[in-house]
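Chain by chain, the residues:
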Amino acid sequence: MKKYILTLGIGAMLLQVSCDSLQQDEVLLEDDQALFESEELAMEGENLRRKGNVETTWKVEKGEKFYRMTENTYLMLPSYLPLEKAERVFESSRTQEAFVEEMIKESLKVFDSNIFKYGRFLSPLARRNHQALAGDEHEFEYDILAGKFQDDDDALASMAGYIKLDDIPGEDKSFPLFKFFGNNSTNAGGDCDGKGPWCDSLPPVKQPQLEQMIEIFPLLKRGGGKPIPTEAALNDLKSGTDLDPVAIALLLPAVQKIADLPSPSADKNHEKWIPILSTGRRYGVDLSQSLGTFLAFGAGGSIFGLINENYDASGDMDWAAVQLNRRRFEFEMLLLWSKWAESKKTGTSGR
């Protein structure tokens, strides 16, 4: 399989993004910002009705808060990466794979910028590590770009095959998510002895649990991103595993959010809570029929992030959220820009 190298980093972000785009981002559309703030309030109310002990609840809310913050990236994308720039990159790229690779890199710069601007609530450890991650240029194999993306079935098969859980050596392989729960961790490693109630541990995610996550990907696709079938798929996963709720909040935040939404109304008001749909429209791509596939891709990105050798489990929960959500967003961008390129090539609206 042909290998493509994706270089990550934002070292020259401020030089590469136009002044106009930065100014546009500073003054995000009032409607978009109001949506973000309204969702914060709605999710807080939703959390009040959930069952579970207080100790677990605040940890789950912590993961969900980070995810809601990263969703703001979708509102920022059209300002940082206007349609005209995407078209220029498309015209200058030799292949569709090269175009998608470049747009993923540009999109990740926006993701990192969003964390820099709105992630002040993160622990010092997470912010310091994220700054190093975003500024460091490192390479990794990105074979998935050689997969097929003509339709959602091809895309899902390419993504599931890329994760390659079967290639993980060792029986009963498990993957720790993080070492510390607290926000006050300033160093990594060591144990929790003598560090007080804010230092804790989370059961590692086992390979069979990850395999069961992958098994619900087709269910997510068929559910089309609608709340009821998404909730059913998530409930199937929960009933078949003993996954910690905190692990679900970190690995499947988008799936959990859709499952918690009210049922669609006749006028599709629920879609206003799904930023990727409005982002797609602003790029001229209709993603309404592919929302379930986006949920699966995001989950696949989180899983890939966890099993990847570059994952760092020695930090706190905030640092885990940064790493896993960055991978989630990366895989979502892989699907978004692949669909955009296909629609550009075929002259369709991306269905």
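Per chain, the residues get numbers from 1 upward, laid out in the order the sequence is written. Totals for whole chains, interfaces and linings use all residues, but because this is a predicted model, local features are given only for residues with pLDDT of at least 70 and pairs of side-chain atoms are given and counted only at 80 or more. Think of the side-chain values as coming from all heavy atoms in the structure, minus any hydrogens and water.

Chemist: How should empty space enclosed by the protein be read in this particular structure?
Modeler: The method is simple in principle: a probe with the dimensions of a water molecule rolls over the atoms, and the space it marks as empty is what remains. Cavity means a closed set of points on a 1 Å grid over the protein atoms alone, one where a 1.4 Å probe fits but cannot get out, pocket means an open set with protein on both sides within 12 Å along at least 5 of 7 lines, and lining means a residue has an atom within 4 Å of a point. Grid points are joined across faces, edges and corners, and a volume is the space filled by probe spheres set on the points. For the structure shown, the criterion picks out four cavities of 30 Å³ or more. Its volume calculated, the largest cavity comes out at about 130 Å³. Looking at the largest cavity, it is lined by 14 residues, and the ones nearest its centre are Y67, A254, I276, L291 and L295. A run of DSSP states H or I qualifies as a helix once it reaches four residues; a run of E qualifies as a strand once it reaches two. Both are numbered from the N-terminal end. Those elements that place two or more of their residues in the lining of the largest cavity are α4 (54-80), α13 (253-260), α14 (275-282) and α15 (291-307). All residues other than Ala, Val, Leu, Ile, Met, Phe, Trp, Tyr, Cys, Pro, Asp, Glu, Lys and Arg, Gly among them, are scored as polar; the first ten of these are nonpolar and the last four charged. Considering only residue class, the lining of the largest cavity consists of eleven nonpolar, no polar and three charged.

Chemist: I would appreciate a short explanation of the side chain of N129 in the present structure.
Modeler: Examined against the element boundaries, N129 turns out to sit in helix α7 (residues 124-135). We call a residue buried when its accessible area falls under 20% of the maximum for its residue type, exposed when it is over 50%, and partly exposed in between, using a 1.4 Å probe and counting protein chains only. For N129, a relative accessible area of 18% gives the class buried. Those residues in contact with N129, other than ones at most four positions away along the chain, are D312 and W319. Two residues form a contact once any of their heavy atoms are found within 4.5 Å.

Chemist: What am I meant to see in the pattern of salt bridges here?
Modeler: Any two side chains of opposite charge can pair, given that their charged atoms come close. By salt bridge we mean one thing: a side-chain nitrogen of Lys or Arg within 4 Å of a carboxyl oxygen of Asp or Glu. According to the stated counting rule, one finds eleven salt bridges in the structure shown. For E106, the salt bridge goes to K109, with nearest N and O atoms at 3.1 Å. Of the two residues, E106 and K109 both sit in helix α6 (residues 96-118), three residues apart, roughly one turn of that helix. Neither E106 nor K109 differs from the other in exposure class; each is buried. Ionic contacts of the salt-bridge type, sharing partners, join the residues K85, E106 and K109 into one network.

Chemist: Help me understand helix α9 (residues 207-215) in this model?
Modeler: Taken as a whole, α9 has its buried residues at Q207, Q209, L210, M213 and I214. Around the axis of α9, the buried residues are gathered within 160° of arc, so they sit on the same side. Starting at the helix axis, one direction is taken to each C-beta atom, and the arc is that of these directions.

Chemist: It is not clear to me how the packing of aromatic side chains should be interpreted in this structure. Could you clarify?
Modeler: Think of a pair of aromatic rings as described by two things: how far the centres are apart, and how the planes are tilted against each other in angle. Centres within 6.5 Å are what make two rings of Phe, Tyr or Trp a pair, Trp counting through its six-membered ring; a difference in plane orientation under 30 degrees is then read as stacked, over 60 as edge-to-face, and the rest as tilted. One pass over the full model with this rule turns up nine aromatic pairs. Taking 5.7 Å as the distance between ring centres and 80° as the angle between the ring planes, the aromatic pair formed by F90 and W340 counts as edge-to-face. Taken together, the residues span a long stretch of sequence, with F90 in helix α5 (residues 83-92) and W340 in helix α16 (residues 317-346) at a distance of 250 residues. The two residues F90 and W340 agree in class, both being buried. An aromatic cluster is defined as three or more aromatic residues linked by ring pairs; in this entry it consists of F90, F99, Y283, W337 and W340.

Function-wise, these values are silent; they only describe arrangement.
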